[in-house]
Amino acid sequence: MLTTSESQESQQHQLGREGTKLAHRERHRSLSPEASVTHFMVDALAEAKEALKRGEVPVGCLFIRNGTIIASGGNEVNDTKNATRHAEMICIDKILQTAKDEDEDFRSVFPEISVVVTVEPCIMCLSALNQLKVREIIFGCVNDRFGGSTVLDVTQLLPPEERTPCKGGVRADEAMELLKTFYSGENPSAPVPKTRKTNKLSSK
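Residues numbered from 1 in each chain as written. Predicted model: local features only at pLDDT ≥ 70, side-chain atom pairs only at ≥ 80, totals over all residues. Heavy atoms only, no water.

**Focus: the overall build of the chain**
When helices and strands are tallied, the chain shows seven helices and five strands. Listed N to C, the secondary structure of the chain is α-α-β-β-α-α-α-β-α-β-β-α in terms of helices and strands. Within the chain, the proportion of its 204 residues that are buried is 35%. Contacts spanning at least 24 positions in sequence make up 59% of the contacts within the chain whose residues lie at least 6 apart. Surface summary for the chain: the accessible area is close to 13,000 Å², and the carbon and sulfur share equals 53%. (Helix = DSSP H or I, 4+ residues; strand = E, 2+ residues; numbered from the N terminus. Buried < 20%, exposed > 50% of the residue type's maximum accessible area, 1.4 Å probe, protein only. Contact = heavy atoms within 4.5 Å. Areas by Shrake-Rupley, 256 points an atom, 1.4 Å probe, with all protein chains shown as cover.)

What follows is the structure in structure tokens.
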């Protein structure tokens, strides 16, 4: 018969095993269930909020491989004064650097990546993600100014077998509210508009 201390140790050991199993399942959860997609979008929205605090257009992005976030980022356009530093590009660069550091062929990594981003990728980013052959793209609100699906459907320029599945509308209202918050103020990094000089006619 087990003593009280032995019984407690046995229970703790069992709880530890269950905790390990749960952690393993969490690390390898699929993006297929709607709950998992929503969970990851919450993390992407957190990245967008951090970008907003830095004075950037609030877009957040996650790259997920086998249920694990392997790259995350937000816009860095204003900070770097580089118009290409979108959240998706930040994540792409992180994966390329990690693959280089770990001596892994990046071409085998991207097809296993699910992209979760708060705003529909622009034409530039969607083109890049398609060329890298990511597994899928899941976004929040539409991008009716530069969207790679809304303004110009990039995927229609590709053969059907090369088109990356793209789904939107996940926590779209929250993503849109962040954009409204940003655009309701002033962008401190926006170029100062130049005023045209007018030549005054002198009267004789």
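**Focus: helix 4 (residues 87-101)**
Here helix 4 contains 15 residues, and its C-alpha end-to-end distance of 21 Å stays within 8% of the 21 Å for a straight helix at 1.5 Å per residue. Among all positions in helix 4, only A87, E88, M89, I90, C91, I92, I95 and A99 are buried. Looking at the buried side of helix 4, the elements it contacts are strand 1 (60-65), strand 2 (68-74), helix 5 (106-109), strand 3 (113-119) and helix 6 (123-131). Positive backbone phi, at 55°, marks D103, one or two positions downstream of helix 4. (Expected span 1.5 Å × (residues − 1).)

**A word on the packing of aromatic side chains**
A complete count under the given rule lists three aromatic pairs for this structure. Judged by centre distance (6.5 Å) and plane angle (80°), the rings of F63 and F110 are edge-to-face. Taken together, the residues span a long stretch of sequence, with F63 in strand 1 and F110 in the loop between helix 5 and strand 3 at a distance of 47 residues. Taking the relative accessible area as the measure of exposure, F110 reaches 0% and is therefore buried. Their ring planes at 85° and their centres at 5.0 Å tell us that F182 and Y183 sit as a pair that is edge-to-face. Put simply, the rings of F63, F106 and F110 touch in pairs and so form one group of aromatic residues. (Phe/Tyr/Trp six-rings, centres within 6.5 Å; stacked < 30°, edge-to-face > 60°.)

**Regarding unusual backbone geometry**
It is generally the case that most residues other than glycine have a negative phi and that most peptide bonds are trans. Although it is not a glycine, K81 sits at a positive phi angle of roughly 55°. Considering the arrangement of structural elements, one finds K81 in the loop between helix 3 (77-80) and helix 4.

**Things to note about the sheet that holds strand 2**
An order of 2-1-3-4-5 is seen for the five strands of this open sheet, with the pairing classed as mixed. Each edge of the sheet is formed by a strand with only one pairing partner; in this case those strands are strand 2 and strand 5 (166-167). Bridge count for strand 4 (residues 136-141) against strand 5 is two bridges, and the pairing is parallel. If you follow I138 over to strand 5, its bridge partner there is K167. (Pairing = 2+ DSSP bridges.)

**Describing the nonpolar core**
Counting residues in hydrophobic clusters, the biggest one holds 40 residues, and the most contacted among them are F63, V115 and V116. Looking at this core, the elements with two or more residues in it are helix 2 (34-53), strand 1, helix 4, strand 3, helix 6, strand 4 and helix 7 (172-183). (Core = buried A, V, L, I, M, F, W, Y, C linked by side-chain atoms within 4.5 Å.)

**Looking at the confidence of the model for the chain**
Scored by pLDDT, the chain comes out at a mean of 80, with 70% of its residues at no less than 70. Predicted confidence for residues 12-30 stays below pLDDT 50, and this span has twelve contacts to residues more than four positions away or in other chains. (pLDDT = per-residue confidence, 0-100.)

**Here we look at the environment of A99**
In this fold, A99 is placed in helix 4. Residues A99 and V109, spaced ten residues apart in sequence, show a C-alpha to C-alpha distance of 8.0 Å.

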